[in-house]
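The primary structure of each chain is shown beneath.
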Amino acid sequence: MIFSQIFDMLDVGIVILDRDLNVFKWNRWMTTHSKIHPEEVIGKPLFDFFPDLNTSWFLRNCKSVFAFGNFAFFSQKLHKYCFPFKAYNTLGSDFEYMQQSCTVGPLRDKNNKVNYIYMTVQDVTDIAAYEKKLITTNTKDGLTGIFNRRYFETKLTEEFDRHVRYDRPLSLIMIDIDHFKKINDSHGHQAGDFILKKLATLIDERIRTIDIVSRYGGEEFCCLLPETTIDSAMALAEFLRIGVETEIFQFKDKRLRITMSQGVSEINSDVDSAEALLKLADDALYESKRMGRNRIERMPEKQET
Amino acid sequence: MSQEANADFSEEEKDILQEIMNIAFGNATADLAEVIDIYVMLSVPNIKAIAIGALPEYLRKTINEDVESSIVEQKFWGNFKGSGLLVFPSGSGKDILAFLDNKEVKDYNGDASATLEKSGLLEIGNILIGACVGKVSELLNTFVTYSPPQVIQNEKNEFNHLIEHFDPQQSAIVMKTIFTFKEKNINGFLLILTNHESIGWLRKALNDFMDSYE
């Protein structure tokens, strides 16, 4: 009597399925979220109501629970959800469906034979939303909204490793705003921040989705360009240079203009680490500053041996 | 209590456990073929009693034989209590995915391939550990509850966390078996670590098992 109350009182979805995956029990939580009443669903195949669950992984895991009496776990991380229920109380996040953590386990008869399995469904939308926020704060630069240096460095190492394995081209552009200190000094830090934001957007709009632009330091930006040779990277740098040079940054009543210097490097057999690739772009950037700014320098040609 | 349970398994008890595992793994093989559609060969298990304190070192040695590996760990509890560790050579994730056909798994954080590989390892780990532990439990007339499996990286020496809840004064029974996925060129090994609390129960269960044949 008390046990059967638990079934409907818990803030967790519980479904009991027979060997053919027909619904045997359906608790109140499931009714509330699916709008499907027990009398409609009991005795019917689960897949009649949730055809998207009819997948190799779901079937395999259910078979395993019947065969071994083990558990199967469908985590939110990997599956997002098993049942497409509407998400609510999502802390302002944009999940369309309730994020779920589901577990399947065995139910035995007197002879220890598994004749039924149960499935629990837990709403983890709040946790997933919180995690999403944490990931954003961890990977994005607060001011400009583009990736931060930490994320960039992780990606740089990943792309470097990919190059080592598959020998694909990889280039890098280091960007520094010319005389940025003057803008801050003569127009105030708000103007400086405004320029940083606008510039970040300007660059972000001009690169491919697989490229990564990050704020590397104060007024320094870095573009990671997978599958890109140095010649293409130089062309992109020039495209960016012109874009910035001709842009008018309208801050309140001020029409500000900036230029930037860039250094470009590409991976080759002489470049033995991600740091070395970064250093080459940084050296080239220094060179373009030295040569008069608002220009692009490429790393030295590979020494033929 | 610890003195008594610390006593190593007798040769006879080891033999019984070995026999039980042989039967269990035989049953598991047949059912695995049905569940994942692959014939998994499981070697004759090797059984050892190891002091908990020496366990991380044992794991490091055993696992590092293959330079880099992917490890799936899953805890289980009941009368029979411990952890299952499934060790694959690194890179097996892709091969596993190929036969699991898990295209449906949804992308996460844009790092789809790594997520998929992990999902494959977790799924196969969960099933293999569940099959072996489940079949042993069945013969010992008990059943266990499982925690979600997780992938651990061996380069970070995460073994210590496995034994955090074990008393270093105690010992564990380690069962090691080598598995091969026929025609898939995937192999690795499975360790079942039984924690100290279970040893008294295990001994009794082994005797009951023998009695049922007399």
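Scroll up a little and you will see the structure.
Let me sum up the structure you'll find in this document. (Residues numbered from 1 in each chain as written. Chains lettered and ligands numbered in written order. Predicted model: local features only at pLDDT ≥ 70, side-chain atom pairs only at ≥ 80, totals over all residues. Heavy atoms only, no water.)

Observations concerning the overall build of chain A
Using the following cut-off: Segments assigned H or I by DSSP are reported as helices when at least four residues long, segments assigned E as strands when at least two residues long, and all are numbered from the N terminus. Using C-alpha atoms as the atom set, the radius of gyration is obtained and then compared with a globule rule of 2.2 Å times the number of residues to the power 0.38. For every residue, the accessible area (1.4 Å probe, protein chains only) is compared with the maximum for its type, and the residue is labelled buried under 20%, exposed over 50%, or partly exposed between those bounds. In this analysis, two residues are considered to be in contact whenever any of their non-hydrogen atoms come within 4.5 Å of each other. For every accessible area listed, the method is Shrake-Rupley and the probe measures 1.4 Å; residues are considered covered only by the protein chains on display.
The helix and strand tally for chain A stands at twelve helices and twelve strands. Taking 2.2 N^0.38 as the reference for a compact globule, 305 residues should give roughly 19 Å; the C-alpha atoms of chain A span a radius of gyration of 28 Å, well beyond that estimate. Principal-axis analysis of the C-alpha atoms places the extent of chain A at approximately 85 × 55 × 25 Å. Going through the 305 residues of chain A one by one, you find that 49% of them count as buried. Considering only contacts within chain A whose residues lie at least 6 apart along the sequence, 59% involve residues at least 24 apart. Of the roughly 16,000 Å² of accessible surface on chain A, a fraction of 52% belongs to carbon and sulfur atoms.

Observations concerning the packing of helix α9 (residues 180-187) of chain A against helix α10 (residues 189-206) of chain A
Residue and element names in this part refer to chain A. Formally: Orientation is described by lines fitted to C-alpha atoms, with helices fitted over the stretch in contact, and by angles between N-to-C directions that extend from 0 to 180 degrees. Angles are sorted into four bins: roughly parallel if under 35 degrees, roughly antiparallel if over 145, roughly perpendicular if 65 to 115, and oblique for all others. Ten residues, namely Ala, Val, Leu, Ile, Met, Phe, Trp, Tyr, Cys and Pro, are considered nonpolar, four, namely Asp, Glu, Lys and Arg, are considered charged, and the remaining ones, Gly among them, are considered polar.
Close contact between α9 and α10 brings their axes to 6 Å; oriented N to C, the two are set at 140°. When the axis of α9 is compared with that of α10, the two are oblique. Of the residues in α10, those in contact with Phe180, Ile183, Asn184 and His187 of α9 are His189, Ala191, Gly192, Ile195 and Leu196. Its residues assigned to classes, the contact of α9 with α10 shows five nonpolar, four polar and no charged.

Brief notes about the pairing of strand β7 (residues 171-181) of chain B
Residue and element names in this part refer to chain B. Cut-off, in case you're wondering: Should DSSP find at least two bridges between two strands, the strands are regarded as paired.
The buried count for β7 comes to nine of eleven residues, which makes it a mostly enclosed element. In terms of strand pairing, strand β1 (residues 40-42) meets β7 through three bridges, oriented antiparallel. In the sheet register, Val40 faces β7, and the bridge partner there is Phe181. Of the pairings in the sheet, the one linking strand β2 (residues 46-51) to β7 comprises six bridges and is antiparallel in character. Paired with Ala51 across the bridge in β7 is Ser171.

As for the pattern of salt bridges
Residue and element names in this part refer to chain A. Applied cut-off: A pair is scored as a salt bridge if a Lys or Arg side-chain nitrogen falls within 4 Å of a carboxyl oxygen belonging to Asp or Glu.
Under the defined criterion, the tally for this structure stands at 23 salt bridges over all chains. Residue Arg208 pairs with Asp211 through a salt bridge whose shortest N-O separation is 2.6 Å. Relative accessible area serves as the criterion here: at 38%, Arg208 is assigned to the partly exposed category. The salt bridge involving Arg290 is made with Glu287; its shortest N-O contact spans 2.8 Å.

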